[in-house]
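Letter by letter, the chains look like this.
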Amino acid sequence: SQQGEEDPQALSIQEGENATMNCSYKTSINNLQWYRQNSGRGLVHLILIRSNEREKHSGRLRVTLDTSKKSSSLLITASRAADTASYFCATSGGSYIPTFGRGTSLIVHP
Amino acid sequence: EPEVTQTPSHQVTQMGQEVILRCVPISNHLYFYWYRQILGQKVEFLVSFYNNEISEKSEIFDDQFSVERPDGSNFTLKIRSTKLEDSAMYFCASRGQSSGNTIYFGEGSWLTVV
């Protein structure tokens, strides 16, 4: 299964701190995507990183991908209370159908 | 920014009843998906749809499920005879060939089977 698994399951930090979430997967992938989900809401796409890429940035987000270790990380810098949400990695293989992990629940305290 | 829209946002139905969940994908997108998320659990793939036919489906997508694209804009998921364990959030998603394989999700439809 390509399924990614996020670590940690839960993360609690203070506003202004950086938050790092990790994702590990088992098989080769074409790309890996990170999504955010506020409680009871839809999945918001954050970043897609392809298997031949090592790092991507989008605003306060930084994603890395290490295909040799089959792992990815999502870094949110200078976190805000509004970043409180669950974060999921989703891996895609040849069919480009994302397979989701269980997510990391991030709480940012004001 | 274009978005995937889903209706209804919440539906309560009696066990054994048929339910149709509706989705309007992003226009000019060609690939369509349904996922579900049981409360507190991970997001699970149900089915993908391309060129007016199912391209891939999971084990969850059994004979009680069906999908249809009745016109040029709507994409529906039908559950023929709902069971209690079908209670979940159902997400529709779409992808275009030029979107770099990014898949965009709707806000979801909460289905509660009682």
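Everything numeric in this text was worked out from a predicted model, so none of it was measured. (Residues numbered from 1 in each chain as written. Chains lettered and ligands numbered in written order. Predicted model: local features only at pLDDT ≥ 70, side-chain atom pairs only at ≥ 80, totals over all residues. Heavy atoms only, no water.)

(A) Broad picture of the sheet that holds strand β6 (residues 55-58) of chain A. Residue and element names in this part refer to chain A. Taken together, the five strands give an open sheet; going across it, the order is β1-β3-β8-β7-β6, and neighbouring strands pair in antiparallel fashion. On the outer flanks of this sheet lie β1 (5-7) and β6, each paired with one strand and no other. With strand direction ignored, the average angle separating the axes of adjacent strands in the sheet is 20°. (Pairing = 2+ DSSP bridges. Helix = DSSP H or I, 4+ residues; strand = E, 2+ residues; numbered from the N terminus. Axes fitted to C-alpha atoms, helices over the stretch in contact; angles between N-to-C directions.)

(B) A look at the pattern of salt bridges. All names here are of chain A. Under the counting rule described, the total for this entry stands at three salt bridges over all chains. Its salt-bridge partner being D83, residue R60 comes within 2.9 Å of it at the nearest N-O pair. Here R60, found in the loop between β6 and β7 (61-66), pairs with D83, found in the loop between β8 (71-76) and β9 (85-92); they are 23 residues apart in sequence, far enough to count as distant. The class of R60 is partly exposed, set by a relative accessible area of 23%. (Salt bridge = Lys/Arg side-chain N within 4 Å of Asp/Glu carboxyl O. Buried < 20%, exposed > 50% of the residue type's maximum accessible area, 1.4 Å probe, protein only.)

(C) Examining the packing of aromatic side chains more closely. As enumerated under the stated definition, the model contains 13 aromatic pairs over all chains in all. Judged by centre distance (5.7 Å) and plane angle (25°), the rings of F61(B) and F65(B) are stacked. Members of the aromatic cluster, connected to one another through ring pairs, are Y35(A), F88(A), F100(A), Y35(B), F45(B), F91(B) and F105(B). Between the NZ or CZ atom of R95(B) and the centre of the ring of Y31(B), over which it lies, the distance is 4.0 Å. (Phe/Tyr/Trp six-rings, centres within 6.5 Å; stacked < 30°, edge-to-face > 60°. Lys NZ or Arg CZ within 6 Å of the ring centre and 35° of its normal.)

(D) Layout of the side chain of Q64(B). Residue and element names in this part refer to chain B. Residue placement: Q64 occurs in the loop between β6 (53-57) and β7 (65-68). Classification of Q64 as buried rests on a relative accessible area of 10%. Those residues in contact with Q64, other than ones at most four positions away along the chain, are K78, I79, R80, S81, T82, K83 and D86. (Contact = heavy atoms within 4.5 Å.)

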